[in-house]
Amino acid sequence: MSDDDLISELYAGCFRRLVVQLYAVSGDVNEAQEAVQEAFVRALVAPRRFARLENPEAWLRRVAVNVLRSRHRRRQVLNRLLRRISPPPVVVDRSPEHLALLAALRELPEGQRHALALHYLVDLPVVEVAATLGVSIGTVKSRLSRGRQALAELLTDPDPDVNPDPDVNDYASNGRADVRS
């Protein structure tokens, strides 16, 4: 078996397991995936040395954990520096409506969320949104339309006075019960 085949086989066999393990450590699945990918990249840099390891999966795990630790330390240093330079950014609008909008946006698919944010919050024209996202203008228009529709559904409060039973609503509106049934 060649060195590249060994790495490919290990990737297929243990990538998911390593991501799950590192997700438990980091609490962020994206960070875990990136750390495991970085470990495999480092294995590819020296495939002969990697192939001679007694337990390659343990080596990958150790490298990925070290990558996570390094990123965490760098992020902490950056956060400290940013706090020294300026106060934390202030959220402009903390009204319940704004917070509800942000929560609803987070529930949308990524493409719709990005299109809506760039067009309505950043105020970019559709052409610039398409260029920024690397998609066609038609795709942006479609995502905006679907996103608006999904947001409308997410942000519409059900009327507490309306009972889902239509017979009850008829009685409430005209004071008479429908006895035709």
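This text follows the structure it describes.
Just so we're clear, the structure is a prediction, and the values are computed from it rather than from any experiment.

A. Examining the overall build of the protein chain more closely. A tally of helices and strands in the protein chain yields nine helices and zero strands. Its helices and strands in sequence order give the protein chain the pattern α-α-α-α-α-α-α-α-α, from N to C terminus. Surface exposure of the protein chain reaches about 13,300 Å², of which carbon and sulfur atoms provide 54%.

B. Region of the structure containing the pattern of salt bridges. Under the criterion given, the structure shown has six salt bridges. With its nearest N and O atoms 3.7 Å apart, the salt bridge here joins Glu 31 to Arg 71. With Glu 31 in helix α2 (residues 29-45) and Arg 71 in helix α4 (residues 56-85), this residue pair connects regions lying 40 residues apart in the sequence. Here Glu 31 makes a salt bridge to Arg 75, at a shortest N to O gap of 3.8 Å.

C. Looking closely at helix α7 (residues 126-133). Among all positions of α7, only Val 126, Val 129 and Ala 130 are buried. Angularly, the buried residues of α7 cover 100 degrees about the axis, an arc narrow enough to put them on a single face. Residues of α7 that are exposed and angled more than 90 degrees away from the buried face: Val 127, Ala 131 and Thr 132. Of the surrounding elements, those touching the buried residues of α7 are α6 (110-121) and α8 (137-155).

D. Representation of the packing of α2 against α4 within the structure. Packing of α2 against α4 brings their axes to within 8 Å, and their N-to-C directions diverge by 125 degrees. On the basis of their axis angle, the class for α2 and α4 is oblique. For the pair α2 and α4, the crossing hand works out as right-handed. From α2, Glu 31, Glu 34, Ala 35, Val 36, Glu 38, Ala 39, Phe 40, Arg 42 and Ala 43 reach across to α4, where they touch Trp 59, Leu 60, Val 63, Ala 64, Val 67, Leu 68, Arg 71 and Arg 75. Taken together, the residues of the contact of α2 with α4 break down into 11 nonpolar, no polar and six charged.

E. Summary view of the environment of Leu 102. Relative to the assigned elements, Leu 102 resides in helix α5 (residues 96-107). Of the residues examined, Leu 102 reaches a relative accessible area of 29% and is grouped as partly exposed. A C-alpha to C-alpha distance of 9.9 Å links Leu 102 and Ala 117, two positions 15 residues apart in sequence.

F. Layout of the packing of α7 against α8. Viewed as axis vectors pointing N to C, α7 and α8 meet at an angle of 105 degrees, and their least axial separation amounts to 8 Å. One finds that α7 runs roughly perpendicular with respect to α8. Two secondary-structure elements touch here, α7 through Val 126, Val 127, Val 129, Ala 130 and Leu 133 and α8 through Ile 137, Val 140, Lys 141, Arg 143 and Leu 144. Of the residues belonging to the contact of α7 with α8, the class tally is eight nonpolar, no polar and two charged.

G. Structural context of the nonpolar core. Counting residues in hydrophobic clusters, the biggest one holds 22 residues, and the most contacted among them are Leu 22, Val 36, Phe 40, Phe 50 and Leu 60. Listed by contribution, the elements that provide at least two residues to this core are α1 (3-26), α2 and α4. Among the elements that take part in this core, α1 stands out by supplying eight residues, more than any other. With residues up to four places along the chain from it excluded, the contact list for Phe 40 reads Ile 7, Leu 10, Tyr 11, Cys 14, Phe 15, Leu 18 and Leu 60. The next biggest cluster of nonpolar side chains, apart from the first, holds 14 residues, and it includes Leu 108, Ala 115, Leu 118 and Val 129.

The rules we used
Residues numbered from 1 in each chain as written. Predicted model: local features only at pLDDT ≥ 70, side-chain atom pairs only at ≥ 80, totals over all residues. Heavy atoms only, no water. Helix = DSSP H or I, 4+ residues; strand = E, 2+ residues; numbered from the N terminus. Areas by Shrake-Rupley, 256 points an atom, 1.4 Å probe, with all protein chains shown as cover. Salt bridge = Lys/Arg side-chain N within 4 Å of Asp/Glu carboxyl O. Buried < 20%, exposed > 50% of the residue type's maximum accessible area, 1.4 Å probe, protein only. Arc of directions from axis to C-beta. Contact = heavy atoms within 4.5 Å. Axes fitted to C-alpha atoms, helices over the stretch in contact; angles between N-to-C directions. Parallel < 35°, antiparallel > 145°, perpendicular 65-115°, else oblique. Left-handed = near helix turned anticlockwise from the far one by under 90°. Nonpolar A, V, L, I, M, F, W, Y, C, P; charged D, E, K, R; others polar. Core = buried A, V, L, I, M, F, W, Y, C linked by side-chain atoms within 4.5 Å.

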